[in-house]
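Examining the three-dimensional arrangement
As a plain string of letters, each chain reads:
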Amino acid sequence: MAAQEIENGTTWGKELWDQYDNLATHTQKGIDFFERFGNFIRDRSAIEVEYALKLRRLVKNYQPKKSKEDEENEFSTLIAFKNVLKEVADLAGQREVVAENLQNQVLQGIMLLSKILREERKKALTQGAGLTQSLHTQIGTLDRAKRSYEKAFREAEKAIESYHKADADFHLSRADVEKQRVNMNIRNSQSEDAKSEYANQLQITNKQQQQHYQIALPEVFNKLQELDEKRTRGMKEFIKRAADVEYEVSPIIARCLEGMVKAADSINEKDDSMIVIEKYQSGFQPPGDIPFEDLSKPDPDAANNSQTHNSSTGLNHMTGKGTTKDKLKKRVGIFGIFTGNKNNLTTDGLKEDFSDLPPTQRRKKLTAKVQELQQKVAQEQAASDGLMKMKGVYEANSMLGDPRTVEEQLNESVNRLDRLRHELLRYQKLLEQANNQTLIQHSPQSNRVIQNGQRSSRHSNGSSNHENSHEDNGEDHPDDAGSLSSSASPESGLGTSHTSLPGSGQGSTNEQPMNEEYYEADAPLGTCRALYPFDATSEGSIPMSEGEELQVIEVDQGDGWTRVRRYSSKGWEEGFVPTSYIECTLYA
């Protein structure tokens, strides 16, 4: 470009031959502006770094806390949000790439070019200053030669004038006239010499001045023009390079944005609703309809049964449905005073047998635990088999190794395998019991005495319930003998219930079985395990053996007795056992 302009004659050296100072100022301002652009790139790079840092801090602050429960049942919204955070972290990485490339590919180039331009400008201006000084020196020499010529010329004129006066004066001697003529000749000779020197210096000055303004100084100006154009081209190239840095990461940023859209599309509200069901389903049956009480037909026995039924129903609703989790835990603490907590807790605060969970959640936890133990058993079995093979190889060829070094590891592996199998068997039994309890709760036998979800009362006045009870042929009598809605035993201290005690004047249980009340299939409040054997010695209590599992129907109301239920070959049995003899685990 500079060569083309020189050929066309549009150069600084030709067009701006007399603008040395302005060109020096212009090139200085141009380099200063170029360095200011470099400062802009530097500050922008710092902003990109700060932006990336804040994005990463944002991702860290909003990263969901990990929990085992969330890993098992993750909502699609949570998964999508995690993916969005991942894409934002990738965006932060791309901003860091932009900052790094701006630093390495743009800012460093600007600073390097700026340094080169300053050095070239300094060199050109130094050369121009030297040429100008040389020309000024020659012009000074010419001025001195001119002044010498002028002085010699005036003195020669005076000498000529003095000679002519002396020659016309007849009073002067020939010697004086000759003296004036010699002086005239000397002055004329000096004037001619000064004239010749002046002419010579004038020729030298003109030649140097022509060389200065037509060749030497234009070369300097052309160098300034070239470096200024280099600065302009550099500005153009670095602006484009800064844009290219953005273009290079734009496909990755576009993929990050596409990932966010994909994460949003993965959200499924129906699947999340099913996860809520899987997460919180207890497995309990909802309560049935409350029967109508006809007060227009007074019946002392029925009224007594109704009163007892209402108190029992209210108690069950209070303990099973209305009691909060904190209150239930408080009651467990009361049991713990007498029984102690024999079960160890897991890392998430649950018991090892998960007996403090509702049936459905307990089965899920037990199933996951069984699968985990099966996988561990398989891994340990593979490791043990490998050690056995290694031991056999060492025994066959002692050069490969000492069998005794493997024997200790093999024994440890066998011991770990035995412990894992024992633990797996224990959890398999717990899972089988949990499944059996679920089948029992949903079996026809468990609901055969339920009418509209409530207990049906038998009356001695020949009602339909009375007749139906005879049709059962005594199948429910074992249940009736062992079930109480509220204990009337001496141990319970609850007072007289609708169930008649021997010698009470109302007839014994065997004499009037129709006055007993069928148990209500209430959802159990939890489970309990017998710590000690117990022999029932009074009406309303049931025996139990050590280690037996029972369902808790009604928690201890402060009298030292807990109402429980179990299923045996005779059917459902229900009654009271000492609270201090059992270890209770209530559902959350």
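Okay, so let's go over this structure. (Residues numbered from 1 in each chain as written. Predicted model: local features only at pLDDT ≥ 70, side-chain atom pairs only at ≥ 80, totals over all residues. Heavy atoms only, no water.)

**Some points on the pattern of salt bridges**
This structure, assessed with the given rule, holds 24 salt bridges. Taking the shortest distance from any N to any O, the salt bridge between Arg42 and Asp43 comes out at 3.6 Å. Judged by its relative accessible area of 41%, Asp43 is partly exposed. Salt-bridge contacts for Glu548 lead to Arg566; the nearest nitrogen and oxygen are separated by 2.8 Å. In this pair, Glu548 sits in the loop between strand E3 (526-530) and strand E4 (549-554) while Arg566 sits in strand E5 (residues 561-568), placing the two residues 18 residues apart along the sequence. As far as the burial class goes, Glu548 and Arg566 line up, both buried. (Salt bridge = Lys/Arg side-chain N within 4 Å of Asp/Glu carboxyl O. Buried < 20%, exposed > 50% of the residue type's maximum accessible area, 1.4 Å probe, protein only. Helix = DSSP H or I, 4+ residues; strand = E, 2+ residues; numbered from the N terminus.)

**Some thoughts on the packing of aromatic side chains**
The final tally for this structure, using the stated rule, is 10 aromatic pairs. Pairing Trp17 with Tyr213 gives two aromatic rings, centres 5.3 Å apart and planes at 90°, and the pair type is edge-to-face. Residue Trp17 is located in the loop between helix H2 (12-15) and helix H3 (20-61), and its partner Tyr213 is located in helix H6 (residues 174-265); the two are separated by 196 residues in the primary sequence. Overall, the relative accessible area of 42% leaves Trp17 in the partly exposed class. With a centroid separation of 5.8 Å and an interplanar angle of 80°, the aromatic rings of Tyr532 and Tyr581 are classed as edge-to-face. With a gap of 49 residues between them, Tyr532 in the loop between E3 and E4 and Tyr581 in the loop between strand E6 (571-578) and strand E7 (582-586) connect regions that are remote in the sequence. Looking at Tyr581, the relative accessible area reads 31%, which means it is partly exposed. (Phe/Tyr/Trp six-rings, centres within 6.5 Å; stacked < 30°, edge-to-face > 60°.)

**Let's talk about the sheet that holds E6**
With antiparallel pairing, the 5 strands of this open sheet are ordered in space as E6-E5-E4-E3-E7. Bordering the open sheet on either side are E6 and E7, each of which pairs with just one other strand. On average, each strand axis in the sheet is tilted by 35° relative to the strand beside it, whichever way the strands run. The sheet contact formed by E5 and E6 spans 8 bridges and is antiparallel. When the bridges of E6 are listed, Arg565 appears paired with Glu574. (Pairing = 2+ DSSP bridges. Axes fitted to C-alpha atoms, helices over the stretch in contact; angles between N-to-C directions.)

**Re the pairing of E3**
Working note: regular strand, side chains alternate between the two faces of the sheet. E3 sits mainly inside the fold: 4 of its 5 residues count as buried. Summarising the sheet, E3 and E4 pair through 4 bridges and their orientation is antiparallel. Bridge pairing in E4 places Gly526 opposite Val552.

**Considerations on the environment of Ala216**
Relative to the assigned elements, Ala216 resides in helix H6. Residue Ala216 is classed as buried on the basis of its relative accessible area of 12%. Separated by 84 residues in sequence, Ala216 and Thr132 place their C-alpha atoms 9.6 Å apart. Setting aside residues no more than four positions away along its own chain, Ala216 makes contact with Leu131 and Gln211. (Contact = heavy atoms within 4.5 Å.)

**As for the environment of Arg154**
With respect to the helices and strands, Arg154 occurs in helix H5 (residues 76-168). You can call Arg154 partly exposed: its relative accessible area is 48%. Along the chain, Arg154 and Ser191 lie 37 residues apart, while their C-alpha atoms are 8.2 Å from each other.

**Considering the nonpolar core**
The biggest cluster of nonpolar side chains holds 29 residues, and the ones touching the most others in it are Ile41 and Leu224. If you list the elements that add at least two residues to this core, you get H3, H5 and H6. When residues in this core are grouped by element, the largest group, 12 residues, is from H6. With residues near it in sequence (within four places) discarded, Ile41 still touches Leu102, Val106, Leu107, Ile110 and Ala242. Formed by 16 residues, the second largest nonpolar core is a distinct cluster that contains Ile542, Val555, Val577 and Ile582. (Core = buried A, V, L, I, M, F, W, Y, C linked by side-chain atoms within 4.5 Å.)

**Details of the pairing of E6**
Counting buried residues along E6, 8 of its 8 residues qualify, which places the element largely inside the surrounding structure. Counting the residues that bridge the hairpin from E5 to E6 gives 2 residues.

**Regarding the state of the cysteines**
Applying the stated criterion across every chain, the model contains 0 disulfides. Cys584 carries a free sulfur, and the closest cysteine sulfur to it, the one in Cys528, is 5.0 Å from it. (Disulfide = S-S within 2.5 Å.)

**A short note on a nonpolar patch on the surface**
On the surface, a cluster of nonpolar side chains totalling about 300 Å² of accessible area is made up of Leu58, Tyr62 and Phe81. Inspection of the secondary structure puts Leu58 in helix H3. (Patch = residues over 30% accessible without salt bridge, like charges linked within 9 Å, V, L, I, M, F, W, Y side chains within 5 Å. Areas by Shrake-Rupley, 256 points an atom, 1.4 Å probe, with all protein chains shown as cover.)

**Quick look at helix H7 (residues 269-280)**
In a regular helix each residue adds 1.5 Å, so 12 residues correspond to 16 Å; H7 covers 17 Å between its end C-alpha atoms and thus fits that length. All buried positions along H7 are accounted for by Asp272, Ile275 and Lys279. Seen from one end, H7 has its buried residues packed into an arc of 55°, which puts them on one side. The N-capping residue of H7, defined by a side-chain oxygen 2.9 Å from the backbone nitrogen of Lys270, is Asn268. (Expected span 1.5 Å × (residues − 1). Arc of directions from axis to C-beta. Polar contact = N/O pair within 3.5 Å; in protein donor to acceptor, adjacent residues only side chain to side chain.)

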